[in-house]
Amino acid sequence: MKIIIATGNEGKMREIREIMKGEDVTVTSLKDEGLENVEIDETGKTFEENAIIKAKTISEVSGEIVIADDSGLAVDALNGEPGIYSARYLGRDTSYDYKNNYIIKQLEGKEGAERSARFVCAMACVLPDGKVITTEGTIEGQIGFEQKGENGFGYDPIFFLPERGKTTAEISPEEKNEISHRGKALTKMYEKLKEEGVL
Ligand code: ITT
């Protein structure tokens, strides 16, 4: 059994590989499949729509079982931004050091619950017969006052978990996978794929 993960994001890929390690499936990336240059038009208006677009595009060119992840950071004080535009926010090639400091600056003067934010992950799996299965996971947190930690990727250094007193870049990769939006969405995906008799 093989599943292709339709992502070009190495941070996501690392986490998904780690979470799927215990299962009896071979997980491959777009790079492994030589599909990294396939053009995917992320024209959806929601995380779920974009996850389906990514998984369908790769399913059509490969004929294999494909899982895609569309995710992002939603900051309440910024009306849910950067949301589905998280990767493109302030420019796709802009460093996360800059993006993270920019968000911290936008929240100047706000305290506690006024800094609330969440990571959201929509996952879509497309089966070889075209059937689409979707799941979602979220994790609640707050925007930190400074960047902290070296683990994870993207916005992790500013995603502060009040109950742990740490950002998702300060906890171990295993700990993040247990509680993260991505970990939750993937666990639900497993359950659905088992119900479908795929796994
Ligand atoms: P693919 O479409 O190829 O999967 P991408 O990075 O463009 O890669 P998205 O459009 O789903 O993927 O954007 C997700 C962005 O949201 C990601 O680039 C990060 O900026 C942010 N993000 C999502 N999950 C995150 C996490 O666990 N930790 C930190 N940032 C995260």
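Higher on the page you've got the structure.
Quick question: what am I supposed to make of the pairing of strand S6 (residues 132-143) here?
Walk down a regular strand and you will see the side chains alternate between the two sheet faces. Of the pairings in the sheet, the one linking strand S5 (residues 116-126) to S6 comprises eleven bridges and is antiparallel in character. When the bridges of S6 are listed, Cys-121 appears paired with Gly-137. Here S5 hands over to S6 after five residues, with Gly-130 in that stretch at a positive phi of 95 degrees.

I keep staring at the site of the ligand and nothing clicks. Help me out?
Thr-7, Lys-12, Lys-54, Tyr-96 and Lys-176 are the nearest of the 22 residues found near the ligand. At 3.2 Å, a side-chain N or O of Asp-70 approaches an oxygen atom of the ligand. The separation between a nitrogen atom of the ligand and a polar side-chain atom of Arg-182 is 2.9 Å. For the ligand, whose accessible area on its own is 620 Å², the fraction buried by protein is 94%. In a pocket analysis with a 2 Å cut-off to the grid points, the ligand is assigned to the largest pocket. Going through the elements one at a time, strand S3 (65-75) and helix H5 (181-195) are the ones with two or more residues in the shell around the ligand.

Is there a simple way to think about the side chain of Thr-134 in this case?
Of note, Thr-134 is situated in strand S6. Here the side chain of Thr-134 touches Glu-48 through a polar contact of 2.9 Å, side chain to side chain. In contact with Thr-134, not counting residues within four places along its chain, are Glu-48, Ile-52, Met-123, Ala-124, Met-189 and Lys-192.

Help me understand the pattern of salt bridges, please; the structure alone is not making it clear to me.
A side chain of one charge can pair with a side chain of the opposite charge when the charged atoms of the two come close. Evaluation of the coordinates by the stated rule reveals 20 salt bridges. Linking Lys-54 and Asp-70 is a salt bridge whose minimum nitrogen-to-oxygen distance equals 2.9 Å. Here Asp-70 lies in strand S3 and Lys-54 lies in helix H2 (residues 47-62), a separation of 16 residues in the sequence.

Please explain a nonpolar patch on the surface as it appears in this structure.
Together, Leu-90, Tyr-98 and Tyr-102 line one region of the surface with nonpolar side chains, adding up to about 270 Å² of accessible area. Relative to the assigned elements, Tyr-102 resides in helix H3 (residues 96-106). Residue Tyr-102 is classed as partly exposed on the basis of its relative accessible area, which comes to 30%.

What should I look at first to understand the packing of helix H1 (residues 10-19) against H5 in this one?
Two measures define how a pair of helices packs: the angle their axes make with one another and the distance between the axes. Interhelical geometry of H1 versus H5 gives an angle of 45 degrees and a closest axis separation of 11 Å. When the axes of H1 and H5 are compared, the pair comes out oblique. Considering how the two elements wind past one another, H1 and H5 form a crossing that is right-handed. In this structure, H1 uses Lys-12, Glu-15, Ile-16 and Ile-19 to contact H5, whose residues at the interface are Arg-182, Gly-183, Leu-186 and Tyr-190. Residue composition of the contact of H1 with H5, by class: four nonpolar, one polar and three charged.

Hey, could you run me through unusual backbone geometry in this one?
Working note: non-glycine residues mostly have negative phi, and peptide bonds are mostly trans. For the bond running from Glu-81 to Pro-82, omega is -5 degrees, close enough to zero to count as cis. The residue Pro-82 is located in strand S4 (residues 81-82) in this model. Positive phi values are uncommon outside glycine, yet Leu-90 reaches one of about 60 degrees. Within the element layout of this structure, Leu-90 appears in the loop between S4 and H3.

Criteria and thresholds
Residues numbered from 1 in each chain as written. Predicted model: local features only at pLDDT ≥ 70, side-chain atom pairs only at ≥ 80, totals over all residues. Heavy atoms only, no water. Pairing = 2+ DSSP bridges. Helix = DSSP H or I, 4+ residues; strand = E, 2+ residues; numbered from the N terminus. Near = heavy atom within 4 Å. Polar contact = N/O pair within 3.5 Å; in protein donor to acceptor, adjacent residues only side chain to side chain. Areas by Shrake-Rupley, 256 points an atom, 1.4 Å probe, with all protein chains shown as cover. 1 Å grid on protein atoms, 1.4 Å probe; cavity = no way out; pocket = protein on both sides within 12 Å on 5 of 7 lines; lining within 4 Å. Sits in = over half its atoms within 2 Å of the grid points. Contact = heavy atoms within 4.5 Å. Salt bridge = Lys/Arg side-chain N within 4 Å of Asp/Glu carboxyl O. Patch = residues over 30% accessible without salt bridge, like charges linked within 9 Å, V, L, I, M, F, W, Y side chains within 5 Å. Buried < 20%, exposed > 50% of the residue type's maximum accessible area, 1.4 Å probe, protein only. Axes fitted to C-alpha atoms, helices over the stretch in contact; angles between N-to-C directions. Parallel < 35°, antiparallel > 145°, perpendicular 65-115°, else oblique. Left-handed = near helix turned anticlockwise from the far one by under 90°. Nonpolar A, V, L, I, M, F, W, Y, C, P; charged D, E, K, R; others polar.

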